[in-house]
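Structure at a glance
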Amino acid sequence: MTLEIYNTLTRKKEPFKTLKPNRVSMYVCGPTVYDKAHVGHAMSVLVFDVIRRYLEYKGYEVELVMNYTDVDDKIIQRALVEDVDSIQIAERYIEEFNCHLEALNVLPAAEYPRATDEIKHIIKSVKALVDKGYAYQANGDVFYRIEKFDDYGKLSGRDIEDMEAGSRVDVDSKKEHPMDFALWKAAKPNEPSWDSPWGKGRPGWHIECSVMSLHHLGEQIDIHGGGNDLVFPHHENEIAQSEALTGKQFASYWVHNGMMQLSGAKMSKSMGNLVTIDAFLEEYEANVLRMMVLNSSYRSPLKFNEETIEHAQKALKRLRSALKPARSQEGGFEGSLVEEAEKAKETFQEAMDDDFNTSAALAGLFDLVREINQARDVGADDQTLAEGQRILKKLTGVIGLELEKEEIKSGDAEPFIDLLVEVRDKLRESKQWELSDKIRDDLEELGVILEDSPQGTQWHWE
RNA sequence: GGCGACGUAGCCAAGUGGUAAGGCAGAGGUCUGCAAAACCUUUAUCAUGGGUUCGAAUCCCAUCGUCGCCUCCA
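I will try to describe carefully the structure that is included in this document. (Residues numbered from 1 in each chain as written. Chains lettered and ligands numbered in written order. Predicted model: local features only at pLDDT ≥ 70, side-chain atom pairs only at ≥ 80, totals over all residues. Heavy atoms only, no water.)

Bringing the protein's contact with RNA strand B into the picture now. Residues in contact with RNA strand B amount to 63 residues; listed here are only the nearest, K74, W205, G227, L230 and K266. At the protein interface, 64% of the atoms of RNA strand B within 4 Å belong to sugar or phosphate. The separation between a sugar or linking oxygen of RNA strand B and a polar main-chain atom of G157 is 3.2 Å. N357 is positioned such that a nitrogen or oxygen atom in its side chain is 2.8 Å from a sugar or linking oxygen of RNA strand B. The element best represented in the surface near RNA strand B is helix α12 (residues 358-377), accounting for nine residues. (Near = heavy atom within 4 Å. Polar contact = N/O pair within 3.5 Å; in protein donor to acceptor, adjacent residues only side chain to side chain. Helix = DSSP H or I, 4+ residues; strand = E, 2+ residues; numbered from the N terminus.)

Shown next, in the form of structure tokens:
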């Protein structure tokens, strides 16, 4: 089976071919760290985590780099408001984001470069672009000359004339062309700045990604990812910079995730319609957010509301239902789950090979869940169930779901619960329904669910 | 205004030429003292209108609607 990936550059699904055998270099645009991250950022991170995990499952060695933009207007502004150094602002939110990544069960990247650590490389690259005629300086600013780059607009599918007609560009007389963008910005008072051949200043936003990708992953990479709000201008400009520098195709596959929506609009800091990752994780486990992402197509917008959250919770619960132990070890079931597990695996792989179709992949897993539960109902023992459960756990692991995590409740209470259940069994034997139902109801209030069956009573945490 | 994506059952969501995966919710049933859980059965002609085709949700055109980008943004 061959993996196909939708490439924004060609607007088609294409067979995945790597530059080097069995190795994938992958660069994902990380956040600008000027404020708390929201679940939209988490979505992006989760999408690329799933992609990375699946590539590794397919046997590729993945080298993933995700950057932090730690110098930018908004960070500087925030620093002014709080009257602290902008580095401190960046540091605070980078640290926080790192914690989020761990909480969200995101596999670590090989590198997390930051713009301010790469100033030397950035200056070198800007200088090279000037030398090649792709950039020019004007009063301490350096701009990219987009008309010099023939392919400008190839990623976002626009041509320069269309954009000029539509956009109301501020009159910036220093630019040769209104769409030219800043590679280097001359320092204003009270801004962080670095010495450069053009005087004190700081890098523009787009150049950092080009340079960090070049520096950490080389001139050409397999996959470049990010939110689809970055297609233009950010990624378009990255292509212009990188390809002007190297003369080679920058990234083979451009992969973009859709936006998280809240109340019918894109979740964003500037609009204020957001739910922070912190706020979400206070109420729900990380798997719920991941399930929300998996349940839909990564390229489509994802609605964030009570209903979709609940939906994800229930789907998660359903997957977990298959991991419950057998009712009996007597073995009244002759069959085997090996074949069903194999089938689920095939469905899963075919779906994932089709541009990471996680929704269809989950369908295969739900089928397996039903097979396992069916087998349990007709008396399969733990060993038989495990044939299916093993594959289920493996495949959910490939998409980063943790089915077994919830068992970390306080173990101290368990003997007492067992005792109550035992007492209740005696009550039921003597048909004292009122009292036995009270025990069941009260335990439920405390988060303990009792399930009676002909083979006895099992309990689990809610 | 320009560019792009999307519009499938009550909801979420696959499916891109041969008469609609899966999940949730709903209905009925099995099991149960009653529940819960699980299992079984059941629920759509694919925004609208044209066109191409033996045949379209799937291709083309138009209309309506939603969203994204065009300014910082995952």
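Having seen the model, we can carry on.
With that out of the way, let us pick up the nonpolar core. Grouped together as the largest cluster of nonpolar side chains are 87 residues, with contacts concentrated most on L55, F280 and F304. No other element matches the eleven residues that helix α1 (residues 39-57) contributes to this core. Those residues in contact with F304, other than ones at most four positions away along the chain, are V39, M260, Q261, L262, M267, V275, F280, M292 and I309. Residues I123, M179, L183 and W198 belong to the second largest nonpolar core, which totals 41 residues. (Core = buried A, V, L, I, M, F, W, Y, C linked by side-chain atoms within 4.5 Å. Buried < 20%, exposed > 50% of the residue type's maximum accessible area, 1.4 Å probe, protein only. Contact = heavy atoms within 4.5 Å.)

Turning next to the sheet that holds strand β7 (residues 181-186). The sheet built from four strands is open, its strands ordered β5-β6-β7-β8 with antiparallel pairing. Only two strands of the sheet have a single neighbouring strand rather than two, namely β5 (135-138) and β8 (201-203). Averaged over all pairs of adjacent strands, the angle between their axes in this sheet comes to 20 degrees, without regard to strand direction. Against the sheet, helix α4 (residues 119-131) contacts β5, β6 (141-144), β7 and β8, and its axis sits at roughly 120 degrees relative to β7. (Pairing = 2+ DSSP bridges. Axes fitted to C-alpha atoms, helices over the stretch in contact; angles between N-to-C directions.)

Where strands meet in a sheet, backbone hydrogen bonds hold them as pairs that are either parallel or antiparallel. With parallel pairing, the four strands of this open sheet are ordered in space as β4-β3-β9-β10. Strands at the two margins of the open sheet, each flanked by one partner only, are β4 (61-66) and β10 (251-257). The sheet shows a mean angle of 20 degrees between the axes of neighbouring strands, taken without regard to direction. Bridging between strand β9 (residues 221-227) and β10 involves six bridges; their strand directions are parallel. The residue bridging G225 from the neighbouring strand is V255, located in β10. Across the face of the sheet, helix α6 (residues 205-217) comes into contact with β3 (23-28), β4 and β9 while running at roughly 155 degrees to β3.

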